[in-house]
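Chain and residue survey
Chain by chain, the residues run as shown.
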Amino acid sequence: MFETIPAKKGDSIVALMTEFANDPRTEKMDLGIGIYRNNLGETPIMKAVMEAQKILLETEPTKAYQGLVGDVEYTELMQHFLLGGTKAADRAATLHTPGASGALRAVADLIAATQPDATVWISNPSYVNHQPIMERAGLKVRSYPYLNPETKLVDETAMLAKIAELGKGDVLLLHGCCHNPSGADITLDAWQSIADLANKNGFLPFVDIAYQGLGDGLDEDAQGLHLLANQVPELLISTSCSKNFGLYRERTGAAMVVTSSRQQALNTRALMCELARGSYSMPPAHGAGVVKLILQDDALTTLWKQELKEMTARVTGLRSALVEEFQQKTQSNQFDYFAKHKGMFTLTGFDDEMLEKLKADFGIYIVKGGRINVAGLKEHEVPKLVDAVIRCQS
Ligand code: LMR
């Protein structure tokens, strides 16, 4: 039965992760998968998470099933966290999911169940797993222009021109902040234009917000999402606690639907529960238990926000250091885009040949297309990376 299955390596991110782990060199540099590391190259558990885990260990009363929605209190807190204060707050319902990929799939399954002919529009480029997740749910996927390869910033004119062609039956997948893989975000004006176009032409916006707090701050990073939530009648959202709570392996995410009434939202979530029952059934509890304790406790929330700010400041500092080093060594502003990007990633556009050289000659691992995880860099590695890039370019 299985003899025809060819050997597979996984997508470009997963394959690189394995390759890096198998590289025996000690001086290697992992700038691949999106994971935050401190200046020692470690991904420590956040202090707020440690505290919450201790409490959870002592107080968790049972390991009995939580039900298809997952941890209900967690869903309410997450919904408040993302939509609180917006006009959508009373018309939304939330499903606790296994990570953001689980949320993406839950939303994809919902779209496929309610509008099987829908086309999901993703940015070009987009997160490597967006297209596979949508397609495995049976949906058609097409892309809209996003990044200007010259400036490495968003070409909003081209983007909005394409979005203006979308209508009923189209779902527009947007990155809430810290665009993956480019790091280039759209302006608030572009979010406004998208809201206007959605209201005029009837396409459904879908915001994937997996890096909230790692750009300009928790509130600032949600501005685009909040603008849509205040203005459009229906909205889909997927979110993650992997990066901003550092809960990667705990697979803690949420899928939200905003509809025209609370009852409709609950009916929609009930359908999502039925669809989840046919796949993973119920999400893992631990990560949500931790997030819940943090968001319910003022002191833990303050501690978490402070740690998140420090993480973000480290990445911003690395971006400035890279720009400075590149300016000095190339006598040009060619790499200034590093400081214009937000979040963990920057898409350099380095070609396959250059990426191979960086890997083979310098042990530097960068995802296909040239996505660098700036959050994986140590301060003292900045000159080494810059030198290696210059040498491979010439
Ligand atoms: C990434 O883009 O590197 C992360 O979102 C990790 C993943 O699951 O792909």
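Residues numbered from 1 in each chain as written. Predicted model: local features only at pLDDT ≥ 70, side-chain atom pairs only at ≥ 80, totals over all residues.

**Structural notes on the overall build of the chain**
Scanning the chain from terminus to terminus reveals 15 helices and 11 strands. The dimensions of the chain, computed from C-alpha atoms along their principal axes, are 60 × 55 × 55 Å. Among the 394 residues that make up the chain, the fraction classed as buried is 46%. Residue pairs at least 24 apart in sequence account for 75% of intrachain contacts in the chain once pairs closer than 6 positions are excluded. (Helix = DSSP H or I, 4+ residues; strand = E, 2+ residues; numbered from the N terminus. Buried ≥ 20, exposed ≤ 12 C-beta atoms within 10 Å, placed from the backbone. Contact = placed C-beta atoms within 7 Å.)

**Digging into unusual backbone geometry**
Asparagine 124 connects to proline 125 through a cis peptide bond whose omega is 5 degrees. If you trace the backbone, proline 125 turns up in the loop between strand 3 (119-124) and helix 5 (130-136). Of note, the amide linkage connecting asparagine 180 to proline 181 takes the cis form, showing an omega dihedral of 20 degrees. Tracing the backbone shows proline 181 in the loop between strand 5 (170-175) and helix 7 (188-201). Of note, cysteine 178 is a non-glycine position whose phi angle comes to about 50 degrees, a positive value. On the neighbour-count criterion, cysteine 178 (27 C-beta atoms within 10 Å) is buried. Its identity as a non-glycine residue notwithstanding, glutamine 331 has a phi of 50 degrees, on the positive side. Mapped onto the secondary structure, glutamine 331 falls in the loop between helix 12 (298-330) and helix 13 (337-340). Since 8 C-beta atoms lie within 10 Å of it, glutamine 331 is described here as exposed.

**Some words on the site of the ligand**
Close to the ligand lie Ile13, Ile33, Gly34, Tyr127, Asn129 and Asn180, which account for all nearby residues. Inspection of the shell around the ligand shows a minimum of three residues originating in each of domain 1 (12-43 + 306-393) and domain 2 (49-299). (Near = placed C-beta within 6 Å. Domains from an automatic or database assignment.)

**Examining the domain arrangement of the chain**
Often, the extent of an interface is quoted as the loss of accessible area upon association of its parts. Here the chain is described as being made up of domain 1 (12-43 + 306-393) and domain 2 (49-299). With centres defined by C-alpha atoms, the gap from domain 1 to domain 2 works out at 27 Å. Taken residue by residue, the interface counts 22 residues in domain 1 and 23 residues in domain 2. Taken together, the residues that form the side of domain 1 that touches domain 2 break down as 10 nonpolar, nine polar and three charged. (Nonpolar A, V, L, I, M, F, W, Y, C, P; charged D, E, K, R; others polar.)

**Here we look at the sheet that holds strand 4 (residues 140-145)**
Sheet architecture is open: seven strands sit in the order 2-8-7-6-5-3-4, paired in mixed fashion. Strands at the two margins of the open sheet, each flanked by one partner only, are strand 2 (92-98) and strand 4. The average undirected angle you get between the axes of adjacent strands in this sheet is 25 degrees. Of the strand pairs in this sheet, strand 7 (residues 235-240) and strand 8 (residues 252-258) are connected by six bridges, and their pairing is antiparallel. (Pairing = 2+ DSSP bridges. Axes fitted to C-alpha atoms, helices over the stretch in contact; angles between N-to-C directions.)

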